[in-house]
Amino acid sequence: MAEFDNFRKRTEKEKASMYIIGAREIVEKILPVVDNFERGLAQAPEEDAFAEGIRMIYKQLMTTLEELGVKQIEAVVRVRPGFPQCSDARGRRGGRRKHSCGGIPKRLHL
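The following paragraphs examine the structure supplied in this document. (Residues numbered from 1 in each chain as written. Predicted model: local features only at pLDDT ≥ 70, side-chain atom pairs only at ≥ 80, totals over all residues. Heavy atoms only, no water.)

### Topic: the nonpolar core
Part 1 of the argument: Core analysis: the largest hydrophobic core is formed by eight residues, namely Val 27, Leu 31, Val 34, Leu 41, Tyr 58, Met 62, Leu 65 and Val 70.
Part 2 of the argument: Elements with a contribution of two residues or more to this core: α1 (2-43) and α2 (49-67).
Part 3 of the argument: For this core, the element with the highest residue contribution is α1, accounting for four residues.
Part 4 of the argument: Residues within four places of Tyr 58 in sequence aside, it is in contact with Val 34, Phe 37, Glu 38 and Leu 41. (Core = buried A, V, L, I, M, F, W, Y, C linked by side-chain atoms within 4.5 Å. Buried < 20%, exposed > 50% of the residue type's maximum accessible area, 1.4 Å probe, protein only. Helix = DSSP H or I, 4+ residues; strand = E, 2+ residues; numbered from the N terminus. Contact = heavy atoms within 4.5 Å.)

The structure is reproduced here in structure tokens:
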């Protein structure tokens, strides 16, 4: 009986762990869509009915993500002396830039 109890507890932990991993993967795939929403809305005219509808959808998406525990935080980006348009946050491979200066996120979602 004790073996079955241990088996049941172990499978419950594994199931919970798989759910968390799956949820994290889904959120990670949705975050680029959120970034594109923000970029698009930044360019949208204020008095456009279509843009207002997109803002409402964006707000609904953000509310849903917050309910799932995803929180928006401001990224801290240091500016390198002599390169005010770029940041230390970009990566390098073989002396070449991994990301352009425009590829630095302004917000991170956790």
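Let's pick the thread back up.
### Things to note about the packing of α1 against α2
Part 1 of the argument: The N-to-C vectors of α1 and α2 enclose an angle of 145 degrees; their axes lie 11 Å apart at closest approach. Crossing of α1 against α2: the hand is left-handed. Counted together, Ile 30, Val 34, Phe 37, Glu 38 and Leu 41 of α1 and Ala 51, Ile 54, Arg 55, Ile 57, Tyr 58, Leu 61, Met 62 and Leu 65 of α2 form the full contact between these two elements.
Part 2 of the argument: For the contact of α1 with α2, the class distribution of residues is eleven nonpolar, no polar and two charged. (Axes fitted to C-alpha atoms, helices over the stretch in contact; angles between N-to-C directions. Left-handed = near helix turned anticlockwise from the far one by under 90°. Nonpolar A, V, L, I, M, F, W, Y, C, P; charged D, E, K, R; others polar.)

### Examining the packing of aromatic side chains
Two descriptors summarise a pair of aromatic rings, namely the distance from one centre to the other and the angle between the planes of the rings.
Part 1 of the argument: Following the criterion strictly, the structure yields one aromatic pair and no others.
Part 2 of the argument: Pairing Phe 37 with Tyr 58 gives two aromatic rings, centres 5.9 Å apart and planes at 50 degrees, and the pair type is tilted. Of this pair, Phe 37 sits in helix α1 while Tyr 58 sits in helix α2, and the two are 21 residues apart along the sequence. (Phe/Tyr/Trp six-rings, centres within 6.5 Å; stacked < 30°, edge-to-face > 60°.)

### Notes on the pattern of salt bridges
Part 1 of the argument: If you walk through the whole model with that rule in mind, you get four salt bridges.
Part 2 of the argument: Residues Glu 12 and Arg 8 are paired through a salt bridge, measuring 3.2 Å at the closest nitrogen-oxygen approach. Placement of the pair is Glu 12 and Arg 8 together in helix α1, with a separation of four residues, close to one helical turn.
Part 3 of the argument: With relative accessibility at 34%, the residue Arg 8 sits in the partly exposed group.
Part 4 of the argument: The network of salt bridges with common partners includes Asp 5, Arg 8 and Glu 12. (Salt bridge = Lys/Arg side-chain N within 4 Å of Asp/Glu carboxyl O.)

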